[in-house]
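Listed below are the residues making up each chain.
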Amino acid sequence: MGPQKSAEVSRITEDGDMMGGDVSDDLIIASGERKVAIVGGGLVGALNACYLARRGVEVHVYEYRGDIRQMEHVPGRSINLALSHRGRSALARVGLEDLVIQQHGIPMYGRMIHATDGRKKVIPYGKAGQCIYSVGRRYLNETMLSEAETHPNVHLHFNHKLLHSDLKTGHMVFESNGQEVQADADLILGCDGAYSAVRRQMMKAPRFNYSQTYIPHGYMELCIPPTATGQFAMEPNYLHIWPRGEFMMIALPNQDRTWTVTLFMPFAVFDRITTPDELLEFFRENYRDAIPLIGEEKLIKDFFSNRASPLVSVKCSPYHSPKALIMGDAAHAMVPFYGQGMNAGFEDCLLLDDLLTKHDMDLERVLPEYTEVRNPDAEAICDLAMYNYVEMRHLVNSRAFLMRKALDSFLHTFFPNSWTPLYSMVSFTRVRYHQAIAHKERQDKIVFGGVMTLAAALAAGVAYLAQRGDLWRSATEVVNEQARLALSRLGL
Ligand SMILES: Cc1cc2nc3c(=O)[nH]c(=O)nc-3n(C[C@H](O)[C@H](O)[C@H](O)COP(=O)(O)OP(=O)(O)OC[C@H]3O[C@@H](n4cnc5c(N)ncnc54)[C@H](O)[C@@H]3O)c2cc1C
């Protein structure tokens, strides 16, 4: 996208209302009338449309599904999501953060852990007042689509499924209502999710690295309705977790005072539950306190009318080809246990926006740098998400884990600039993901060193006391021992 001037572009620049935000006039002029195709109008595609709209380029969003704003029921993944700092920052740049947070976000200040005996305890996410937000996927998606559509240079094409693409020429073939539709673009942004068709095309190029991992667990969504008086059935400002080692259940609050409950278990366990009695027995054993909240009848109905969905983690590189870039889940689908998939995808949009500014929209420089900068971070958050897969099911019940959490919070309070717990770095800052891991490894070494020093000091103290208590030992021996120690400390 080299610099280009046209009458059309000048008019747009004078209008002002097309741009807004902090995009300079130069960029609008440089962007000219170039065309960007965004494949996928989900969370990342819709946000990307908002970003690019403000640059004055012609944006076409091609979405496989119909317009979700017209649908009664939207099929698909998780009903609500945890939105944290990275996602909020990305929404803020297009002026949507306040709308989403103030009007539709439910703050969650920590994890509320449910033990098998029904006892509950809270593990805060960060410092007092720090929280993540539960937001509805559909609401978020609709808000971003509507915002994008306020820009006359954005065109939304629903019911368009990408079939083929040529990532060197920018040519695309879609299937729409049984017809084949052809289109061309100067840049194709593949925001088409974990099973991306754009990525599939990239895989045909030489030296494209790709790996995917399905974990043995699947997930199924259930629902806790409001109480008879229309209230939340549990404390609303927490992410509730029932960790049970091999499997777990979580619940996030919704604005209508329902809870979306997600059951994560190995497919083998899902498959073993084949009758209502077996289901109730399983719940009585593992999630007894949740049965009256969901209701026996509803539990049976929802469980047997649903099917468990798989969870995949994808790593690949590079993210670009001459005229295309993959972003969001298309580039780095991850298991959902760090609540970062969407947040990372939104941060992708921030990075692309920064690089378009830095390089004056010169795609030959933007695209390779995007891959170079983003790849180590995307792979790092995929790894962290996989690690949290164990932490959420198991470690939150472990004493060592809880002690380490307490130590981290203590040190963070006294050394806020030099000691930040990993979870806080990931969820409450924009420290690059791979740097957050490196930082945590340094902290682990310090904690390990501290524990070893403490253990050595304790051992020395015990030995010293034993020595003093040895009535049979002569005073000379004690003096000799001490002298030997002193000499060895001096290295003599
Ligand atoms: C159970 C679960 C819970 C989660 N919880 C969280 C959470 O709490 N916090 C968080 O940050 N993330 C969470 N995630 C991750 C989050 O859902 C994803 O990271 C996010 O949806 C990625 O957005 P995306 O736009 O890249 O992909 P998607 O949301 O999958 O959107 C892709 C879009 O592309 C369209 N499409 C696909 N193929 C084509 C095609 N050939 N042509 C045209 N269009 C196409 C699809 O219809 C879809 O609209 C969770 C995921 C799961 C499964």
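Remember, it's a predicted structure, so these values are computed and weren't measured experimentally. (Residues numbered from 1 in each chain as written. Predicted model: local features only at pLDDT ≥ 70, side-chain atom pairs only at ≥ 80, totals over all residues.)

A. The arrangement of the overall build of the chain in detail. For the chain, the helix and strand inventory stands at 18 helices and 19 strands. With 492 residues in all, the chain has 38% of them scored as buried. Restricting the contact set of the chain to residue pairs at least 6 apart, pairs at least 24 apart contribute 72%. (Helix = DSSP H or I, 4+ residues; strand = E, 2+ residues; numbered from the N terminus. Buried ≥ 20, exposed ≤ 12 C-beta atoms within 10 Å, placed from the backbone. Contact = placed C-beta atoms within 7 Å.)

B. How the structure looks around the nonpolar core. Core analysis: the biggest nonpolar cluster contains 112 residues, and Val39, Leu47, Ala49, Ile188 and Ile381 have the highest contact counts within it. When residues in this core are grouped by element, the largest group, 12 residues, is from helix α14 (residues 363–393). Built from parts of two domains, this core gets at least three residues from each of domain 1 (7–384) and domain 2 (395–450). (Core = buried A, V, L, I, M, F, W, Y, C linked by C-beta atoms within 7 Å. Domains from an automatic or database assignment.)

C. Geometry of the pairing of strand β12 (residues 187–190). Burial of β12 is two-sided: the residues Leu187 and Leu189 facing one way and the residues Ile188 and Gly190 facing the other way are all buried. Alignment of β12 against strand β19 (residues 324–326), held across 3 bridges, turns out to be parallel. Bridge pairing in β19 places Gly190 opposite Ile326. (Pairing = 2+ DSSP bridges.)

D. Local environment of α14. The terminal C-alpha atoms of α14, which comprises 31 residues, lie 43 Å apart, in line with the 45 Å expected from a rise of 1.5 Å per residue. The largest bend in α14 comes to about 40 degrees, at Arg374, with the proline Pro376 one to four residues further on. (Expected span 1.5 Å × (residues − 1). Bend = angle between axes of the 7 residues up to and from the residue.)

E. A look at unusual backbone geometry. Cis geometry is adopted by the peptide bond preceding Pro318, which originates at Ser317 and carries an omega value of -5 degrees. Considering the arrangement of structural elements, one finds Pro318 in the loop between β17 (309–317) and β18 (320–321). The phi dihedral of Asn159 falls on the positive side, at around 55 degrees, and the residue is not glycine. Relative to the assigned elements, Asn159 resides in the loop between β8 (154–157) and β9 (161–166). A tally of 16 C-beta atoms within 10 Å means that Asn159 is categorised as partly exposed. Even without glycine at this site, Arg207 takes up a positive phi of about 60 degrees. By the element assignment, Arg207 lies in the loop between α7 (197–202) and β13 (209–224).

F. Just the sheet that holds β13, in detail. Reading across the sheet, the 7 strands line up as β6-β5-β14-β15-β16-β13-β17 and stay open at both edges, with mixed pairing between neighbours. On the outer flanks of this sheet lie β6 (120–124) and β17, each paired with one strand and no other. Sheet twist, expressed as the mean angle between neighbouring strand axes with direction ignored, is 30 degrees. Bridge count for strand β5 (residues 110–114) against β6 is 5 bridges, and the pairing is antiparallel. Within β6, the residue paired with Arg111 across the bridge is Ile123. The sheet contacts of α14 involve β13, β14 (239–243), β15 (248–253) and β17, and relative to β17 the element is tilted by about 150 degrees. (Axes fitted to C-alpha atoms, helices over the stretch in contact; angles between N-to-C directions.)

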